[in-house]
Each structure stands twice: as C-alpha cells, then as structure tokens.
Amino acid sequence: MGKTINIKTILLLVAGLFSAAIVLPLGALLFGTISGQASEVVNNITSIFHGDVLQSIGNSLIISTAVSILSVLLGCCFAFLFSKANLPFSKALRLLLLLPFLLPSYVICVAWNDVWLFADVHRNLIYSLPAVVFILTTIYTPLAAFIIQAGLKNINAGMEEAGMMITSYKEVFIKIVLPLLRPALFSSFILIFILSLSEFAVPSFLSVPVFVTEIFTQFSAFYNYSLAATQSLILTAICLLLLFPERKFLTNEYFFPFGKKAFRFRMYELRNKSVPLVLAMLYLFFTVLVPVAFLAFQTFSVAKTSLLDIVIMLLPSLKDSLLIAVAGAFIVTLFGFIFSWLTAQYKLKFLQTILLFVFAVPAIVTGVSLIFFYNTPSLSFIYSSILIILIAFSTRFLFIAVKIISDNLRQIPVSYTEAAKMMGARSFYIFRKISLPLLGEALFTSFFIILIFCLNELSTVIMVYPPGTSLLPVTIFTRTANAPQHIVSGMSLVALMFTLVILLCMLFGKKVLFNQQWRESR
C-alpha cells in the first residue's frame, strides 16, 4: 500500500509540475488582461466593434460553421461506407481520405492554388472565403469520418437487428442508429468548428481576413500586445463555450478502439457497390490526387531550380523539424501515459477535462500566452531555446495523447491484472508484463500521430520559435510572400514527400512491431 501511495504521489507531482508549465501561461494571459487599466481594457473590448474586426469575426464564424457542417455530412457518408458497408478497397480509400488531415494545411493550400491558377480561375475566386471553406473541408472531413466511424462501431448489432424485425432499416437508422450516433455527430462538429476557427495558414495564404490573422497582426505587426491579448481571450471564450456541452462525451467515449469488441458489430452488403465506390474514388481523386499532381507539375514545369536544389535549401529546416518533432512526440506521449494512468487507475477524471479545455484554446492564443509568460528574465532560458517549442507542442497535443492511451487503458480487461494479483504478482511486475505490452500499440499510435502533428504545426511555432531554429512550416510559410510560385510549390512538394516518408516508415514500423503472426511464430 505504501508503494502504491508513493507511486501515486510521484506521478501527481510530475503531472502537477508539467501542468503548471502549460496551464500557467494561459492563466497569466487572463490575469494580465483583466488586471490592466480599466480604460485600456474597455478600449480593447470596444475595439472589436470596429468594421474590419467585425468582418474578421464574421468571416471566422462563417468559415467554421460551413466547414463543420460540410465535413460532418461528408464524414458521415465515408464513415458508413468504411465501417458498415463491405466496400471494396476500403483500407486504401481510408488511407487516401486521411492524407489531407495528416499533411500540413499550407501544403494543401499551395497545391489547390496551383490547380486553380492552371485552370485560370479568377483571382477573386481563388483568394476568397469559399476557397478557404473548400480547402478546410477537404482537410477536416477525415476527422469527422474517424469520430463518426468510432461511434458506429460502438453500436451493438443486436439493437439494429431487433428493430429490423418489425420495420425497415430506414426507420431503424432514423429511430435507433441516428440517436446513438448523435454524440459523435455533435462532437465532431464542435471539434472541427474549434480547429477551423483557429486555422491560421489557409486564410492567411489566401488573404482572407479572419479573427486569428487579426490577432497575429496586432501582436506581430502593430506590437499592440494588450489588444492582442484581449482578442485572444474573446476567441478562447467562444471555443470554450462551444466545447463545454460536449466535454463529457469527448473525455468518456472511445475514439480510438483497440483490440476486439465484446459485442457483435453488424455489416451490410450493398446491392450495388459500384456507385458508392465510384463516387468515393472520384472524391478522393479530385480532392487528394489532383492537387498533389499539380503541385508536382508546377514544381517541374520551370527548369530554373531543380528539386534537389530545393531539398538542399530546406535541409536545415528538415533536420531541425524532425529532431524537434521526435522530441516533442516522445515528451507528449510520455506525459500522456502519466496523465492517462492517473485518470484510469486513480479515477482522476478532472485531469482529462482540464487538458481538453487547454486543447480547445486556439493555437494563436497559445502562442501569445507562452510569449507573455516565458519572455521574462527569470524564464529566458526557456523562451530562447527549443524548450518553448516543446511546451507549445505539449499544450496543443497532450489531450490527444491522453485520449489515445486512456482509451486503450479502459479497454484492457480488469480480469487480466486481477488474475495476476491472485497469483501473488507485484504491481510493478503486472505493469511490466501485462499492462505495458497491452499498451504498446496505443503508445506507438500516440507517438505516430503526435509526431505528424508536431511536424506540421505552424500557428503556434510561428509565434514562439527562437532565433537560430529553422522549422519547415515556418520556412515555407515565410517564403510564400516573396518567392516565385514554382519555388513555393517545390518546397511544399518536399514537405509533402518528407511527411509521406515518415508516415510510411511509421506504418512499416507498426506492422513489424505489432504483427500478431510474427509474435506467434516467435
């Protein structure tokens, strides 16, 4: 018992110190904003009613609402096809659908810009609000499909079959499946709304004024820090108010299923598989393959600069980005495990709720809060080093790691550990021989996903990256302002290939490490 208390105390101490590093900056931003002079606070708040600021807020709300609705509708269709219908080539199609979400948003934006320029689309249509909505919808549709698919897989086949004994499947879907799926639909809508509301790269590249770019401009161009802080809190309040009703579902439901379900899952045979298959392939062809093809075409159509020259140009950024992303993924996964263990073993569920609210804070606001808190003489050793980037990664992505690992922890049967205890096994032995091997896939998945997110993160790191650090997203994004189009396309193509190579390496590593046949043969 004493050992258990000591382990719990140590884990709580580590988690508390780490939480302070990511939560205190947000608290300091709030306190610093409301504790200023009353006249300045009032002026900052009333400034949001200026015409250009109201336009940016309106654009943000329109974009987020449209992207969320379209992504949920498309994601629902793909989730049903991939999970309930026995669609041919579903694994390959699912991987293609997921690709835009795993790639940097600025790469997708540059690719679509090349397509539209080649098609001679009018500039007013390219650099417009509908273009932003279209690009973000292709990026976030996979997220909606992933969450809704998890919701569909949690529906017991017996419930559907009982309904089909007395009515058609159409009625069963409306009266049974849809109500059970409602939490997943609303949660995917809220998450996509928050993510698209804080998106910086796409609207900035397409010169569409949104609230995030307004905050960035006030902070980086006009150096109006108090106004930027006030606007940051307003944006954060919008996100938290939207997230609050769905917090229980987002923390309690399984989004990352591991192993086999204890209940039977019903699949459906489509009468005509060719129509949905063709439609799915056409969607993926035009939204994934076409922009990538035009990105390559734009790169190689001008022979002034070769792809090798662009790779050499980006080599320092590639190296720094990979090393920092690996370090960030390791730290986030490690602390994700600690928080998950505290949540699952000691029933401290409030920790996951706190991390969810931290995750909901827009990326640009996270950057502003980190600058306000760590840009001080006593903490300059953090602010002037890559530690500030690692803290930014942890603030942004720790909830995702906790969600992945805790979902796996809760799906491990309690009988496994109880049987070991009855045999007299010690706690550390049970953890090392039972819990840790069963958590291996979740830890790998967490590291894999967080690594990709860290490689692609722009909105936060563009605010906090220290001098002498060369990060790929920042390098490419800053070059888009004055570099020729084929250079920007070439750099985006290199970033695309860089991400794909890492994806393939990680997928191959997962196959080698978690191949059940290989284990059995051993």
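Here the structure is a predicted model, which means the values were calculated and not measured. (Residues numbered from 1 in each chain as written. Predicted model: local features only at pLDDT ≥ 70, side-chain atom pairs only at ≥ 80, totals over all residues. Heavy atoms only, no water.)

## Some details on the overall build of the protein chain
Where we set the bar: In this text, helices come from DSSP runs of H or I with a minimum length of four residues, and strands from runs of E with a minimum of two, each type numbered from the N-terminal end. Between the two quantities, the radius of gyration covers C-alpha atoms and the globule rule is 2.2 Å times the number of residues to the power 0.38. Only protein chains enter the area calculation, which uses a 1.4 Å probe; residues under 20% of their type maximum are buried, those over 50% are exposed, and those in between are partly exposed.
In terms of regular secondary structure, the protein chain is built from 25 helices and 0 strands. Taken against the 2.2 N^0.38 rule, which gives 24 Å for 522 residues, the C-alpha radius of gyration of the protein chain at 24 Å falls within 12% of a compact globule. Overall, the C-alpha framework of the protein chain stretches about 65 × 60 × 45 Å when taken along its three principal axes. Residues classed as buried in the protein chain amount to 51% of the 522 residues present.

## Quick notes on the packing of helix 14 (residues 274–300) against helix 24 (residues 485–513)
Note the cut-off: Interaxial angle, 0 to 180 degrees, is taken between N-to-C directions of lines fitted to C-alpha atoms, where a helix line uses only the stretch in contact. For this classification, under 35 degrees means roughly parallel, over 145 means roughly antiparallel, 65 to 115 means roughly perpendicular, and everything else is oblique. Each crossing gets its hand from how the near helix is turned against the far one by less than a right angle, where anticlockwise is left-handed and clockwise is right-handed. Residues count as neighbours in contact if any of their non-hydrogen atoms are within 4.5 Å of one another.
Direction vectors running N to C along helix 14 and helix 24 enclose 130°, while the axes themselves pass 8 Å from each other. Judged by the angle between their axes, helix 14 and helix 24 are oblique. Once helix 14 is placed against helix 24, the crossing between them reads as left-handed. Along the contact surface, helix 14 presents V292, L295, A296, Q298, T299 and F300, while helix 24 presents Q485, H486, S489, G490, S492, L493 and L496.

## Notes on the pattern of salt bridges
Side-chain pairs of opposite charge can arise where the charged atoms are in close proximity. This is how the line gets drawn: When a carboxyl oxygen of Asp or Glu is within 4 Å of a side-chain nitrogen of Lys or Arg, the pair counts as a salt bridge.
One pass over the full model with this rule turns up 2 salt bridges. Across the pair K403 and D407 runs a salt bridge whose closest N-O atoms are separated by 3.6 Å. Separated by 4 residues within a single helix, K403 and D407 lie in helix 19 (residues 387–411), roughly one turn from each other. Overall, the relative accessible area of 2% leaves K403 in the buried class. Residue classification places D407 among the buried residues on the basis of a relative accessible area of 0%.

## Some thoughts on the confidence of the model for the protein chain
Test applied: The predictor attaches a confidence to each residue, called pLDDT, with possible values from 0 through 100.
Across the protein chain, the average pLDDT comes to 83, with 91% of residues at 70 or higher. Confidence, read as mean pLDDT per element, is least for helix 25 (residues 516–521) in the protein chain (44) and greatest for helix 18 (residues 380–383) (92). Throughout residues 517–522 the model reports pLDDT below 50, and contacts reaching past four residues in sequence, or to other chains, amount to 3 contacts.

## Comments concerning the environment of A329
With respect to the element layout, A329 can be found in helix 15 (residues 307–345). A residue is classified by how much of its surface remains accessible, and A329, at 0% relative accessible area, is buried. Distance in space between the C-alpha atoms of A329 and F397 is 9.0 Å, their sequence separation being 68 residues.

## Things to note about unusual backbone geometry
Not every positive phi belongs to a glycine, and D120 is a case in point at roughly 60°. Secondary-structure assignment places D120 in the loop between helix 5 (105–118) and helix 6 (123–126). The class for D120 is exposed, based on a relative accessible area of 67%. A positive phi is found at S207, a non-glycine position, where the angle reads about 55°. As for its placement among the helices and strands, S207 is situated in the loop between helix 10 (201–205) and helix 11 (211–220).

## Here's the deal with the side chain of S385
Where we set the bar: Polar contact is the term for a pair of N or O atoms within 3.5 Å; when the atoms are in protein, one must be able to donate a hydrogen and the other to accept it, and sequence-neighboring residues count only if both atoms are side-chain atoms.
For S385, the location among the structural elements is in the loop between helix 18 and helix 19. Within polar-contact distance, the side chain of S385 engages the backbone oxygen of F381 at 2.8 Å.

## A word on a nonpolar patch on the surface
Selection criterion: Surface patches are drawn from residues lacking salt bridges whose relative accessible area is over 30%; two like charges belong together within 9 Å, two nonpolar side chains (Val, Leu, Ile, Met, Phe, Trp, Tyr) within 5 Å. In these tables, accessible area is a Shrake-Rupley quantity obtained with a 1.4 Å probe, and a residue counts as shielded only by the protein chains included in the view.
Residues V275, V278, L279, L282, F285, F286 and L289 make up a contiguous nonpolar surface patch of about 640 Å² in total accessible area. Along the chain, L282 falls in helix 14. L282 gets classed as partly exposed once you look at its relative accessible area, which sits at 41%.

## Focus on the packing of aromatic side chains
For any two aromatic rings, the description comes down to two numbers: the centre-to-centre distance and the angle of the planes. Short version of the rule: Stacked, edge-to-face and tilted labels apply to pairs of Phe, Tyr and Trp rings (six-membered ring for Trp) whose centres lie within 6.5 Å, assigned for plane angles under 30 degrees, over 60, and everything in between, in that order.
Enumeration according to the criterion identifies 21 aromatic pairs in this entry. Between F200 and F216 the ring centres are 4.8 Å apart and the planes differ by 55°, which places this aromatic pair in the tilted class. In this pair, F200 sits in the loop between helix 9 (169–197) and helix 10 while F216 sits in helix 11, placing the two residues 16 residues apart along the sequence. According to the relative accessible area criterion, F200 is buried, its value standing at 1%. A ring pair is formed by F337 and W341, whose centres lie 5.8 Å apart and whose planes are at 40°; its orientation type is tilted. Placement of the pair is F337 and W341 together in helix 15, with a separation of 4 residues, close to one helical turn. The pair F337 / W341 is uniform in exposure class, with both members buried.

## Considerations on the nonpolar core
Nonpolar side chains in soluble globular proteins generally cluster together in the buried interior. Counted only if it meets this: Take the buried residues of types Ala, Val, Leu, Ile, Met, Phe, Trp, Tyr and Cys, join any two whose side-chain atoms come within 4.5 Å, and each joined set is a nonpolar core.
Ranked by internal contacts, the top residues of the largest apolar core, which has 162 residues, are I135, L206, F339 and L398. The dominant element in this core, judged by the number of residues it contributes, is helix 19, at 15 residues. Setting aside its immediate chain neighbours within four residues, L398 contacts F18, I22, V332, F335, G336, F339, L355 and F393.

## Things to note about the environment of P473
For P473, the location among the structural elements is in helix 23 (residues 472–479). You can call P473 buried: its relative accessible area is 2%. The spatial distance from the C-alpha of P473 to the C-alpha of N456 is 6.3 Å, given a sequence separation of 17 residues. When residues no more than four places from it in sequence are discounted, the contact partners of P473 are Y106, S321, L455, N456, E457 and L458.

## Observations regarding the side chain of S369
With respect to the element layout, S369 can be found in helix 17 (residues 363–374). Owing to a relative accessible area of 1%, S369 belongs among the buried residues under this scheme. Here T366 takes part through its backbone oxygen, which lies 2.8 Å from a polar atom of the side chain of S369. In this structure S369 touches P25, L26 and L29, once residues within four positions along its chain are discounted.

## Comments concerning the environment of I386
You can see I386 is positioned in the loop between helix 18 and helix 19. A residue is classified by how much of its surface remains accessible, and I386, at 37% relative accessible area, is partly exposed. If near-sequence neighbours (up to four positions away) are discounted, I386 is found in contact with I324, P466 and T469.

## Quick word on the packing of helix 4 (residues 90–102) against helix 14
It is at 10 Å that the axes of helix 4 and helix 14 come closest, and there the two elements cross at 35°. Handedness of the crossing formed by helix 4 with helix 14: left-handed. Facing L93, L96, L97, L99 and P100 of helix 4, the residues of helix 14 in contact are L277, M281, Y283, L284, V288 and L289.

## A few points about helix 9
Cut-off, in case you're wondering: To estimate the expected span of a helix, subtract one from its residue number and multiply by 1.5 Å. Two axes define the bend at a residue: one fitted to the seven residues ending there, one fitted to the seven starting there, and the bend is the angle between them.
For helix 9, with 29 residues, the first-to-last C-alpha span of 37 Å runs short of the 42 Å given by 1.5 Å per residue. Where helix 9 bends most, the angle comes to about 50°, and this point is L178, followed within four residues by the proline P179.

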